[in-house]
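# Observations on chain architecture
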Amino acid sequence: MLLPNILLTGTPGVGKTTLGKELASRSGLKYINVGDLAREGQLYDGYDEEYDCPILDEDRVVDELENQMSEGGVIVDYHGCDFFPERWFHIVFVLKTDNSVLYKRLETRGYNEKKLKDNIQCEIFQILYEEALASYKEEIVHQLPSNNPEDLEDNIDQILKWIEQWVKDHSS
Ligand code: ADP
Ligand code: MG
């Protein structure tokens, strides 16, 4: 059976991992967290002193994922999307959270002042939405509100329905 690949993106803290894991368990699709994958495989290319974090080796991440992505049925979770091959994804969801809600979530994570400010700005300027629009066909890019548990349920229901329809449309 053919299964679609789904990209979940958005500013850190918007709820990609929460949604991705729940979707995977309810749909049977495979969940891949690119941050975790990079950490496990040490897929890094240097260190960013300003942001105090390792720099992702995007080419190695793409190589690492290529086989699974060509098989289909993968949910990818990452706060970036311009380096993935466009052909990988059948649909892209950009999660979106109100500033005050996001601020509290990131504060709970223990982010320092600068990291908090940078991430809130990232959300205000819709950086990830713009990146998604620049990287994928507009008609497959969708924004989803992610402020509360009701949003989460709505998003899961909506995406499960979309998967079901996609599978129907792609079965012969
Ligand atoms: P991301 O993977 O995008 O960084 P997470 O999934 O880790 O975000 O979520 C960040 C925090 O926000 C977690 O504490 C999570 O429980 C909470 N959260 C995520 N989505 C929602 C939502 N729809 N409603 C309320 N809290 C949420
Ligand atoms: Mg996450």
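Residues numbered from 1 in each chain as written. Chains lettered and ligands numbered in written order. Predicted model: local features only at pLDDT ≥ 70, side-chain atom pairs only at ≥ 80, totals over all residues. Heavy atoms only, no water.

### Digging into the site of ligand 1
Taken together, 14 residues surround ligand 1, and among them G13, K16, T17, T18 and R109 come closest. Contact between ligand 1 and P149: a nitrogen atom at 3.4 Å from a main-chain N or O atom of the residue. In the complex, the protein chains occlude 71% of the 560 Å² of accessible area that ligand 1 would expose alone. Breaking the shell around ligand 1 down by element, the ones donating at least two residues are α1 (16-27) and α7 (149-169). Here the shell around ligand 1 is built from residues that sort into four nonpolar, seven polar and three charged. (Near = heavy atom within 4 Å. Polar contact = N/O pair within 3.5 Å; in protein donor to acceptor, adjacent residues only side chain to side chain. Areas by Shrake-Rupley, 256 points an atom, 1.4 Å probe, with all protein chains shown as cover. Helix = DSSP H or I, 4+ residues; strand = E, 2+ residues; numbered from the N terminus. Nonpolar A, V, L, I, M, F, W, Y, C, P; charged D, E, K, R; others polar.)

### A closer look at the packing of helix α2 (residues 34-41) against helix α3 (residues 58-71)
If you want to describe how two helices pack, look at the angle between their axes and the distance between the axes. Following both chains from N to C, one finds α2 and α3 inclined at 100°, their axes separated by 11 Å at the closest point. Considering their axes alone, α2 and α3 lie roughly perpendicular with respect to each other. Mapping the contact onto sequence places V34, L37 and G41 in α2 and R60, V61, E64 and L65 in α3. Here the contact of α2 with α3 is built from residues that sort into four nonpolar, one polar and two charged. (Axes fitted to C-alpha atoms, helices over the stretch in contact; angles between N-to-C directions. Parallel < 35°, antiparallel > 145°, perpendicular 65-115°, else oblique. Contact = heavy atoms within 4.5 Å.)

### Quick notes on the packing of α1 against α7
Two numbers describe how α1 lies on α7: the axes approach to 10 Å, and their chain directions differ by 45°. Classed by the angle they form, the pair α1 and α7 counts as oblique. Crossing of α1 over α7 shows right-handed handedness. Taken together, the residues of α7 that come into contact with α1 (itself represented by T18, L19, E22, L23, R26 and S27) are L152, E153, N155, I156, D157, I159, L160 and I163. Among the residues making up the contact of α1 with α7, the classes are represented as seven nonpolar, three polar and four charged. (Left-handed = near helix turned anticlockwise from the far one by under 90°.)

### What to know about a negative patch on the surface
Judged by side-chain charge, D45, E58, D59, D63, E64 and D82 come together as a negatively charged surface patch. The element best represented in the negative patch is α3, accounting for four residues. Among the structural elements, D45 can be located in strand β3 (residues 44-48). (Patch = residues over 30% accessible without salt bridge, like charges linked within 9 Å, V, L, I, M, F, W, Y side chains within 5 Å. Salt bridge = Lys/Arg side-chain N within 4 Å of Asp/Glu carboxyl O. Lys, Arg positive; Asp, Glu negative; His and termini not counted. Charge placed at Lys NZ, Arg CZ, Asp CG, Glu CD.)

### A few points about the sheet that holds strand β2 (residues 30-33)
Strand order in the open sheet formed by five strands is β2-β5-β1-β6-β7, with parallel pairing between adjacent strands. In this open sheet, the two strands that pair with only one neighbour each are β2 and β7 (141-145). Averaged over all adjacent pairs, the angle separating strand axes in this sheet is 20°, with direction ignored. Relative to β7, strand β6 (residues 91-96) is paired through five bridges, and the arrangement is parallel. Across the sheet, the residue bridging to F93 is H142, located in β7. (Pairing = 2+ DSSP bridges.)

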